[in-house]
Amino acid sequence: MGTVSTTAAPAPAPSRVQVFLRRVRNGDEIAHVVTMIFGASILLVTAALVYELWIQSAQSRAKFGWSFFVTSTWDPINGIFGAWPYIYGTLVTTTVALVIAVPLGLGAAIFLSELAPPKVSSSLSFVIDLLAAVPSVIYGVLAVFLLEPVMRTTIQPFLKHTLGILPIFKELFKGPAYGFGYLTAGIVLSIMTVPFIISVSREVLMAVPQDQREASLGLGATRWETTFKIVVGYARTGILGSIFLSMARALGETMAVTMVIGNVAKVSSSLFAPGYSIAAVIANEFADATSELHLSSLVELGLVLFLLTFILNGLARVMIIATSRRGAGASQR
Amino acid sequence: MSLRTIWRKTVNVVMLSLTGLCALIAVSALFLILGCLAWKGATSLHWSFFTQLPAPVGEIGGGIANAIVGTGKLLLLAALIGIPVGLLGAVYLAEFASSTSAFFIRYATDLLNGVPSIVIGIFAYTVIVLPMHHFSALAGGFALGVMMVPIILRSCEEFLRNVPRSLREGSMALGASKWRTIARVVIPAASSGILTAILLSLARVAGETAPLIFTAFGNQFWPHGLNQPTAALPVVIYNYALSPYDDWHRQAWAAGLVLILLVVVTNVLTRLLLQREAAGRS
Amino acid sequence: MRKSILSLVLCLGVTGIVLAQSGGVQINAGGATFPNPIYSKWFNEYNKMHPNIQINYQSQGSGFGKAQLVARSIDFGASDGPMTDDELSKAGFKILHFPTVMGADVPSYNIPGVNATLKFTQKALAGIYLGTITKWNDGELTKANPGVKLPAEDIIVVHRSDSSGTSYIWTDFLSKANSEWKSKVGTGTTVNWPVGLGGKGNEGVMGTVKQQPYSIGYVELIYAIQNHEPFGDVQNLDGVFVTASLEGVSAAAAGAAKSMPDDFRVSITNAPGKTSYPISSFTWLLIPAKITDASKRDAIKGFLKWMLLDGQKDCEALSFARLPTQVIAKETKAIDQIQ
């Protein structure tokens, strides 16, 4: 028997149900659950995406296996589907794009992070972000009406008669100057990827601790030597990450590429030749595919594209994070 | 001064100026693009262009009215999917999530962000068009919405995290529950950032063509409701540009000008909004 | 306060858009680019006469028309290559073919400095598309065009990048005309093209030819005419060089008109007759035999009846040939097959 006291008996400890009801009445639990559901829906959608890609490509994966990637024939009538011309075209146009965009982008990033005064740097960065926001179809329109004729009448003949005389370039610039082809598509892609290289590289360069620069200049290095050997060297992993990021973007570009690449499923060593890319063939043939195998092969191409961009984006993120952590950990800027 | 020093100094000047040249080229590219579109498209921008439906093939005239309305409808649908999922998901990550679930959700978001738009189109086709036996604005809006989610989520999460702890703690010290703090204090504090994230993602998906080709399909007439196909600005530009008709080319340029003005104006406005907010706070 | 007004406006806006369903019938169709100029005109005209009926036709290629009809994501399709028995059996439901107009595939070219109408032998066209004839001043071409100075430039061949009925007509002709083509490439809406650039739709091929000097591409007659591009005469089965024209197409269809099969699937390429244009073809609307939605069914049947009676008068202006009268009579009876 408990002690009798004049004060009120202590209230019994609230049961678990009562605690839960109180929290629900507070709304916190509801908020938690509701936002969790929305957050989880992203997981659901992503999982569904991967699932659909996997399931819909099952027929062609089963039929062709690994040979899908090395076969050059794409014959819907006879049911033979090989992805090599599209993989080749995607790789070639991306390479051309990077060869142009990386030096250009890195140079501009260096200027923006090292040389330009902060206000100028941030305004110019904004302009470059606008470049990244221009829709792909507009690049395509400009490429078809303005770039292609210039390529056909001026640039390609020029390249053929100057660099084309040298042994390696002779092979690259062989054939008639169509105007449509790997080179034109690569050039359009380079303009589209430059903004990404610039913005990410600029951030990575700005994260390099200031004392690195000061130490180098203190030892008598010129501004350029400091910038290139020390700063860029310090940030090289992050810059490589920015290249991977832009590569991932370039691989998935559809509209601008399909409008100028020529849409021909053939492999050619010449940059002037027309070709095809993975994204372009999906855009052109997906809605037309009459046989299940055809559709399955196109979805398998989509799966390939997805995996490539997934790997590149993952690597890029790791590299960029590594560089910023290194910079932030060292000292304050 | 030794020869080597002279060489190093020359290299220094040359390379640094080259970087300046690179920056100049990159920046002027944008003005070149805007200039070309304005030069080729501005003359076609008259009232009838914005208010008329397309004319039959080969005939001159007509406009892109249904494409503008169609894009508007698609963006509305995309926003209905993208904003709730993106914003509430960001709230979950910033306020409630444990580190494991946060990791998985962030991972999935980044994955989704990197998916090429044409693959999202495939997804929307298999998940919506095929079962519904219909091309529709819904399918197109879904594809665009899925693309919007990662963009909104990542920016909003950052803006929410940037709201100072002191604000949250002050609110809770006054007796507000956690959700009330979020709804009445944190989100309003981050509101301009959230708004800019929404506007920027809308501007981004407004220009997407690839996922719409086999979802929204296209429509010669006004789009009705959600269940029917709809014309969209970027798809119309694509079709007209590839055609052989000069009049369609002219319209493609003008429509391109409209699209890029939409994108540029949105970006400039959001930037000004953010700057004013930052200035106001400091 | 501001937030609640904003959310109210948003809700109203959304409801307004969602509820903006017209009382009318919207029919979605897609397919062949070959007849798109006249289909686009017909559907536009029909909508003006019946404002509550909107037939939304998207010119995406015959392959699109067939594939999406089978997937049942469009209400009817259109194709210039009839569906094969195999395709019909795989569809899972009955599909009827309704010819609408007849047209011609022409070889359109863009040779700076050459405005004359070139004559193409059957061997020449096959050789160009096989890649065995590579230059414009090749013997096969100069032989047939004695008065024309053809340059020593590479021929830039253009074909379709998408699945196309126009390609079907072209390859059907080449297969009949040339055994090497038949064995190496064959007939189809998509084939393994030995050479050339790909353009999307008749529109894309015409656009590419227009922009590329020294190119040649096959397009429906009206595309070459509307874009003021020269196109060549083609040698027919009887050895005569015929210019594509409505008379030539009608002459090619004359034999088939008399013995038209019940399902209307027939090929009239390389038809006999001195005036027959060899690359002629019917083009068909692909309509499901069973349409459950009554308003759509009535709208489609109504359109077909109008098309066969009144719509045919639009043909000449757009350089398509009218259907032969026997075919029109047979088709009008066949409309009743749509349940």
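Our subject is the structure that appears above.
Quick look at the structure, then. Model, not experiment: these values are computed from the prediction.

## As for the overall build of chain C
Regarding its fold elements, chain C presents 13 helices and eleven strands. Here the C-alpha atoms of chain C give a radius of gyration of 22 Å, agreeing with the 20 Å that 2.2 N^0.38 yields for 339 residues. In terms of overall dimensions, chain C has C-alpha extents of about 80 × 55 × 35 Å along its principal axes. Every one of the 339 residues in chain C was classed for burial, and the buried ones make up 52%.

## Let's talk about the interface of chain A and chain B
Facing the 68 residues of chain A at the interface are 71 residues of chain B. Ranked by the residues each element gives to the side of chain A that touches chain B, the list is headed by helix H2 (residues 28–56) of chain A, at 17 residues. Looking at the side of chain A that touches chain B, its residues break down into 46 nonpolar, 17 polar and five charged.

## Structural notes on the interface of chain C and chain A
At the junction of the two partners, chain C supplies 23 residues and chain A supplies 17 residues. Of the residues that constitute the side of chain C that touches chain A, the class distribution is five nonpolar, 13 polar and five charged.

## A closer look at the pairing of strand S6 (residues 156–160) of chain C
Residue and element names in this part refer to chain C. Of all the five residues making up S6, five are buried; the element is thus mostly covered by neighbouring parts of the structure. In this structure, S6 lies alongside strand S8 (residues 215–220), joined through three bridges in parallel fashion. Each residue of the ladder has a partner; that of Ile-156, found in S8, is Ser-215.

## So, the sheet that holds strand S10 (residues 241–242) of chain C
Residues and elements named next belong to chain C. Across the sheet, three strands lie side by side as S5-S9-S10; this open sheet has mixed pairing. Each of the sheet's edge strands pairs with one partner strand only, and the pair in question is strand S5 (119–120) and S10. Of the pairings in the sheet, the one linking strand S9 (residues 233–235) to S10 comprises two bridges and is antiparallel in character. Each bridged residue has a counterpart across the sheet, and for Val-234 the counterpart in S10 is Val-242.

## Section: the environment of C:Ser295
Residue and element names in this part refer to chain C. Looking at the secondary structure, you find Ser-295 in helix H12 (residues 294–309). Of the residues examined, Ser-295 has 14 C-beta atoms within 10 Å and is grouped as partly exposed. The spatial distance from the C-alpha of Ser-295 to the C-alpha of Phe-64 is 25 Å, given a sequence separation of 231 residues.

Conventions and cut-offs
Residues numbered from 1 in each chain as written. Chains lettered and ligands numbered in written order. Predicted model: local features only at pLDDT ≥ 70, side-chain atom pairs only at ≥ 80, totals over all residues. Helix = DSSP H or I, 4+ residues; strand = E, 2+ residues; numbered from the N terminus. Rg over C-alpha atoms; globule rule 2.2 N^0.38 Å. Buried ≥ 20, exposed ≤ 12 C-beta atoms within 10 Å, placed from the backbone. Contact = placed C-beta atoms within 7 Å. Nonpolar A, V, L, I, M, F, W, Y, C, P; charged D, E, K, R; others polar. Pairing = 2+ DSSP bridges.

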